[in-house]
Amino acid sequence: MVSRVIPVEPFDLVIIGGTGDLARRKILPALYQRFVAGQIGKESQIIGAARSEMETESYRSFAAEAIREFTDTDEVKPRKLAAFLKLVSYVTLDAKGEAGWTTLSGMVQENRIRAFYFSVGPSLFGDLAKRLQKYGMAEDDCRIVVEKPFGRDLATAKELNRILARHFDESQIYRIDHYLGKETVQNLMAVRFGNMLFEPLWNSQYVDHIQITVAESVGVGGRGGYYDRAGAMRDMVQNHLMQLFCLIAMEPPAKFEPDSVRDEKLKVIRALEHVKPENIVRGQYDGDGQNPGYRNEVENRDSTTETFVALKAHISNWRWAGTPFYLRTGKRLRDRASEIAVVFKDAPHSIFDEDAGRHHNILTIRLQPNEGIELGVTIKEPGPGGMRLVDVPLDMSFAEVLGPDEADFPDAYERLIMDVIRGNQTLFMRGDEVEAAWAWTDPIIAEWQAAGTEPEPYDPGGSGPEEALFLMHRDGRRWREIKP
Ligand code: BG6
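Residues numbered from 1 in each chain as written. Predicted model: local features only at pLDDT ≥ 70, side-chain atom pairs only at ≥ 80, totals over all residues. Heavy atoms only, no water.

Q: Help me understand the overall build of the chain in this model?
A: Each helix and strand in the chain was counted, giving 14 helices and 15 strands. The C-alpha atoms of the chain give 24 Å as radius of gyration, which agrees with the globular expectation for 484 residues (23 Å, within 12%). With the C-alpha coordinates aligned to their principal axes, the bounding extent of the chain is approximately 80 × 55 × 50 Å. The buried share of the chain, reckoned over its 484 residues, is 53%. Counting contacts in the chain only where the partners sit at least 6 residues apart, residues at least 24 apart contribute 76% of the total. Counting 60 positive and 74 negative side-chain charges, the chain places the centres of these two groups 2 Å from one another. (Helix = DSSP H or I, 4+ residues; strand = E, 2+ residues; numbered from the N terminus. Rg over C-alpha atoms; globule rule 2.2 N^0.38 Å. Buried < 20%, exposed > 50% of the residue type's maximum accessible area, 1.4 Å probe, protein only. Contact = heavy atoms within 4.5 Å. Lys, Arg positive; Asp, Glu negative; His and termini not counted. Charge placed at Lys NZ, Arg CZ, Asp CG, Glu CD.)

Q: Looking at this structure, I do not really get the sheet that holds strand β6 (residues 173-175). What am I missing?
A: Two orientations exist for strands paired in a sheet by backbone hydrogen bonds: parallel and antiparallel. What the six strands build is an open sheet, ordered β3-β2-β1-β4-β5-β6; its pairing is parallel. Single-partner strands in this sheet number two, and they are β3 (88-92) and β6. Sheet twist, expressed as the average angle between the axes of neighbouring strands with direction ignored, equals 20°. In terms of strand pairing, strand β1 (residues 11-16) meets strand β4 (residues 113-118) through six bridges, oriented parallel. (Pairing = 2+ DSSP bridges. Axes fitted to C-alpha atoms, helices over the stretch in contact; angles between N-to-C directions.)

Q: Sorry if this is basic, but what is going on with the packing of helix α1 (residues 21-36) against helix α2 (residues 56-70) here?
A: Running from N to C, α1 and α2 cross one another at 90°; their axes reach a closest spacing of 9 Å. Compared by their axis directions, α1 and α2 come out roughly perpendicular. For the pair α1 and α2, the contacting residues are Arg24, Arg25, Leu28, Pro29 and Tyr32 in the first and Tyr59, Phe62, Ala63, Ala66, Ile67, Glu69 and Phe70 in the second. Per-class residue counts for the contact of α1 with α2 are nine nonpolar, no polar and three charged. (Parallel < 35°, antiparallel > 145°, perpendicular 65-115°, else oblique. Nonpolar A, V, L, I, M, F, W, Y, C, P; charged D, E, K, R; others polar.)

Q: Just to check I follow, could you spell out helix α6 (residues 154-167) for this structure?
A: Quick reminder: α-helices carry 3.6 residues per turn. Residues three or four places apart thus point the same way. Compared with an ideal rise of 1.5 Å per residue, which puts 14 residues at 20 Å, α6 spans 21 Å between its outermost C-alpha atoms and is within 8% of the ideal. The complete set of buried residues in α6 reads Ala157, Leu160, Asn161, Ile163, Leu164 and His167. The buried side chains of α6 occupy one side of the element, clustering within an arc of 160° when seen end-on. Exposed and oriented more than 90 degrees from the buried face of α6 are Ala155, Ala165 and Arg166. (Expected span 1.5 Å × (residues − 1). Arc of directions from axis to C-beta.)

Q: What should I look at first to understand the environment of Leu201 in this one?
A: As for its placement among the helices and strands, Leu201 is situated in the loop between α7 (183-194) and β7 (207-215). The class for Leu201 is partly exposed, based on a relative accessible area of 32%. Separated by 173 residues in the primary sequence, Leu201 and Leu28 have C-alpha atoms spaced 43 Å apart. Sequence-distant contacts of Leu201, that is, excluding residues within four places in its chain, are made with Tyr206, Val207 and Phe344.

Q: What should I look at first to understand the site of the ligand in this one?
A: In the vicinity of the ligand, the contacting residues are Lys148, His178, Tyr179, Lys182, Glu216, Arg223, Asp235, Met236, His240, Lys331, Arg336 and Gln368. Taking Asp235, its side chain carries an N or O atom lying 2.6 Å from an oxygen atom of the ligand. Between the ligand and the protein, one listed contact pairs an oxygen atom with a side-chain N or O atom of Arg336 at 3.2 Å. If the ligand stood free it would expose 400 Å²; the protein chains cover 81% of that surface. With three residues, helix α8 (residues 224-249) is the single largest residue contributor to the shell around the ligand. In the shell around the ligand, the residues fall into two nonpolar, three polar and seven charged. (Near = heavy atom within 4 Å. Polar contact = N/O pair within 3.5 Å; in protein donor to acceptor, adjacent residues only side chain to side chain. Areas by Shrake-Rupley, 256 points an atom, 1.4 Å probe, with all protein chains shown as cover.)

Q: Can you help me understand unusual backbone geometry in this one?
A: With the exception of glycine, most residues fall at negative phi, and the peptide bonds are largely trans. In this chain, Lys148 is followed by Pro149 through a cis amide linkage whose omega measures 5°. Its place among the elements puts Pro149 in the loop between β5 (143-146) and α6. Even without glycine at this site, Glu299 takes up a positive phi of about 50°. Here Glu299 is to be found in the loop between α10 (294-297) and β9 (308-313). Residues other than glycine seldom take positive phi values, yet Arg332 does so here, at roughly 55°. Mapping Arg332 onto the fold places it in the loop between β10 (325-330) and β11 (337-344). With relative accessibility at 11%, the residue Arg332 sits in the buried group.

Q: Please explain the pairing of β5 as it appears in this structure.
A: Residues in a regular strand point their side chains to alternate faces of the sheet. The side-chain alternation of β5 yields two buried faces, one formed by Arg143 and Val145 and the other by Ile144 and Val146. Bridge count for β4 against β5 is four bridges, and the pairing is parallel. Bridging from a neighbouring strand, Ala115 pairs with Arg143 of β5. With helix α5 (residues 125-134) bridging β4 and the parallel β5, this β-α-β connection has right-handed handedness. Note: β5 against β6, three bridges, orientation parallel. Bridge pairing in β6 links Val145 to Tyr174. In the classification by handedness, the crossover that spans β5, the intervening α6 and the parallel β6 is right-handed. (Right-handed = clockwise from strand over helix to strand, strands pointing away.)

Q: Before we go on, may I ask you to explain the pattern of salt bridges in this structure?
A: Close approach of charged atoms lets side chains of opposite charge pair. As enumerated under the stated definition, the model contains 37 salt bridges in all. Of the charged contacts in the structure, one is a salt bridge between Asp127 and Arg131, with a shortest N-O distance of 3.8 Å. Placement of both Asp127 and Arg131 in helix α5 is noted, with a separation of four residues, approximately one turn of the helix. Taken as a pair, Asp127 and Arg131 share a single burial class, namely buried. Between Arg295 and Glu454 there is a salt bridge, with its nearest N and O atoms 3.0 Å apart. (Salt bridge = Lys/Arg side-chain N within 4 Å of Asp/Glu carboxyl O.)

Have a look at this one:
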């Protein structure tokens, strides 16, 4: 199997917020990697734009440092880096004033793909959109890229959508959820809709329940200011887990095309039932000998922000009526391990005696690390000793099947930025999807606030608060172990 790199057409990409953390950690290294892979040609331009006064040479040094720091070191070859930096320039730009806009409009070229990456807080989206239009850069074929958080509730998300819609058509707006750029997330669609094997069983008749876990071992780090106002529900569930949930539960789209896929995802979100307080657990990590607890980390002794959420959700439609979906995410857990597990029902009747035990199939889609897919099947335990049954995995680790080089997947940002240039919105969230996701999370958050309850404390390095285990136990089920 040989991967193919299809070069994109020459483009101008303006990174507004070009000196920020996202540009440093993700956008610039991603562009460099695609350049090295041969996907970006020498005619393209990457323009960093920010308020700081800076010459292009200094911005190139900034970009070089970012690339060295956030790209695998042995991948950064000085000659490649020098060639890449020739594409890079800088403009001082004031989002709220007029400084720099005429210069910028003189730099971007007409008649080629132009994309503006809003790598800044949402409070600036309106100013940026207005000025792109005023300075003649918001033509029909230009694209804008916006990051999460896309609002902090339904009202703010609607307002952002309204502001952007004043200047841009929905087909020009690329709302990033980087989970959609992960290799296995796309493979989820390939497995579901490219095989006859699974789809007939993909419903409440055969599936007992589905578990989605996105576990992180890190804490909130230096992002305490943002995080303490957001919490796991807004930071992870409303977007990343919701997207995984949609892809696993949606009906087959008519085509693998942006609106076909997004229409089906939207239907899932709209069919979600409200989650009652007894079906949801919030947690907050404590400290241990080595690391401070959450409250110390964010320097807010009374913080009631959750760093962990586990919940049981139901979808009211024909396919999934009665099937519980258990979602869980948290920081400072045992490992960084994310997976979706589809747990099938037991066979309706066991022909084996009780000693053989009860067994069921589990299809596990591992997102990270060790991307792959595993199907647990029941077989006879080999050897003498009667009919004893045992569950064994049919394991398709991508690295093993494809070889380590082929399984060295591009980072989510590499894929998503190239999709912006190609004009493919399939892996981006549409405005109505984001609003529907907030419409589901808003009442949950409102109920927490009204109840004024504190999140359950949990020890770092484990699997979250005990209450999350009970959420499953009381249904006679259990979470899968958090392991890479
Ligand atoms: C971000 C969240 O969107 O996703 C972070 O804001 C989280 O809090 C991160 O750590 C997780 O992304 P990944 O790709 O490391 O799983």
